[in-house]
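Architecture and fold: a report
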Amino acid sequence: MKRLLTIQDISCVGQCSTTVALPLVSACGVECAVLPPAILSNHTGGFKSWTFADLTGELAKVEAKWVEHGIRFDAFYTGYVCESHIDPILSIFKTCAERGAIRVVDPAMADNGVLYAGFAADFPSKMARLVDGADYILPNLTEAALLVGEKPKLSGYTKGELESLIAKLHSLGAKNVVLTGVSFSPDELGSAVSDGSTVQYDFNPKLEKMSHGTGDVYASVFAGAVLRGKTALEAAALAADVVCEAIKATDDGHWYGVSFERAIPFLVQRLSGSGF
Ligand code: PXL
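Report on the accompanying structure. (Residues numbered from 1 in each chain as written. Predicted model: local features only at pLDDT ≥ 70, side-chain atom pairs only at ≥ 80, totals over all residues. Heavy atoms only, no water.)

Observations concerning the overall build of the chain
Heads up, the rule is: Working definition: helices are DSSP H or I runs of at least four residues, strands are E runs of at least two. Numbering for both runs from the N terminus. Atoms counted for the radius of gyration: C-alpha only. Globule rule: 2.2 Å times residue count to the power 0.38. Exposure is judged per residue with a 1.4 Å probe applied to protein chains only, and the accessible area is read against the type maximum: over 50% gives exposed, under 20% gives buried, and values in between give partly exposed.
Along its length, the chain carries 9 helices and 13 strands. In terms of overall dimensions, the chain is globule-like: its C-alpha atoms have a radius of gyration of 17 Å, near the 19 Å expected for 276 residues. In terms of overall dimensions, the chain has C-alpha extents of about 55 × 45 × 45 Å along its principal axes. Counting only residues that meet the buried cut, the chain has 51% of its 276 residues in that class.

Structure below.
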């Protein structure tokens, strides 16, 4: 069985980051180890306030213990992290990697044209350090624009503009780019998947509802599916399908997250038959 390490915060309540990655990566049939660089009472998207316990000082200690025990990972998947976490993460990428280990980087820092609360305007240039050398990056359109130093546009990207944005993301050192939130018509939403020479697209019918935490569901399923041998396009398509199932299964009025738990049987069924 493959072993993945996910590095992103624990938002104790809020159905995001580690509390989404752990169950979904596990449901993919992949062992999921966790390293939370911070613990928050709840996420910052829509709640008025939160606690934030920074664990930067723990990261090198945990790394040293893993090195002592000879613990290595087949994959790393990073999500919401802060500036002080980036050097320790880059070190763990080096010291705790199995031969051929892959890096999946979700530069979770922004949406709908704006950075999440608490991130300084220069944070995207710090996050770009994780993008350099990543096997797969999974930015939404806002994150993609900010990573390359452009002003985010909320919609209306032409295919040419998108593909030039993707080329700039490759120039930052990303081997494969999976750009989410792509749309060329009002009734569809999807992803552009690029290996640096070809861009392929996957679309689903656009749903009325949008929910917090869907990026984390998408990235977790994507990472798990790639480790189960799916191509980037197959993993992106499955991730999008799981997000749609989860949104449809979320009760009206449940505002702070998406009920991905109800989409786990669908995910398990879709991956059944894929080899371990
Ligand atoms: O879902 C991304 C995310 C993760 N962690 C925290 C967040 C957010 C988005 O708002 O606030 C703490």
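Moving on from the coordinates now.
Focus on the site of the ligand
To keep things clear, this is the line we draw: Whether a residue is near a molecule or strand depends on its heavy atoms: it is near if one of them lies within 4 Å of it. Each polar contact in these results corresponds to two N or O atoms within 3.5 Å; when the atoms are within protein, one needs to be able to donate a hydrogen and the other to accept it, and residues that are neighboring in sequence are counted only if both atoms are side-chain atoms. Using a 1.4 Å probe, accessible areas were evaluated by the Shrake-Rupley method; residue-level cover was limited to the displayed protein chains. Here the nonpolar group is Ala, Val, Leu, Ile, Met, Phe, Trp, Tyr, Cys and Pro; Asp, Glu, Lys and Arg are the charged ones; every other residue, Gly included, is treated as polar.
In the vicinity of the ligand, the contacting residues are Asp9, Ser11, Cys16, Ser17, Leu40, His43, Thr44, Gly45, Tyr80, Tyr116, His212 and Asp216. Taking Asp9, its side chain carries an N or O atom lying 2.8 Å from a nitrogen atom of the ligand. In this structure, an oxygen atom belonging to the ligand sits 2.6 Å away from a side-chain N or O atom of Asp216. Protein contacts shield 98% of the accessible area of the ligand, which totals 310 Å² for the unbound molecule. Its residues placed into classes, the shell around the ligand shows 4 nonpolar, 6 polar and 2 charged.

A short note on the nonpolar core
Rule in force here: Joining through side-chain atoms within 4.5 Å is the link that ties buried Ala, Val, Leu, Ile, Met, Phe, Trp, Tyr and Cys residues into a set, and such a set is a nonpolar core.
The biggest cluster of nonpolar side chains holds 45 residues, and the ones touching the most others in it are Leu5, Leu130, Ile137 and Leu179. Counting 41 residues, the second largest nonpolar core, distinct from the first, contains Ala21, Leu24, Val178 and Val193.

Structural notes on helix α4 (residues 123-131)
Our working rule: The arc in question is the one traced by the directions running from the helix axis out to the C-beta atoms.
When α4 is considered as a whole, its buried residues turn out to be Phe123, Pro124, Met127, Ala128, Leu130 and Val131. Down the axis of α4, the buried side of the element spans an arc of 150 degrees, and every buried residue falls inside it. Just downstream of α4, Gly133 is the residue with a positive phi angle, here 95 degrees.

By themselves these figures say nothing about function.
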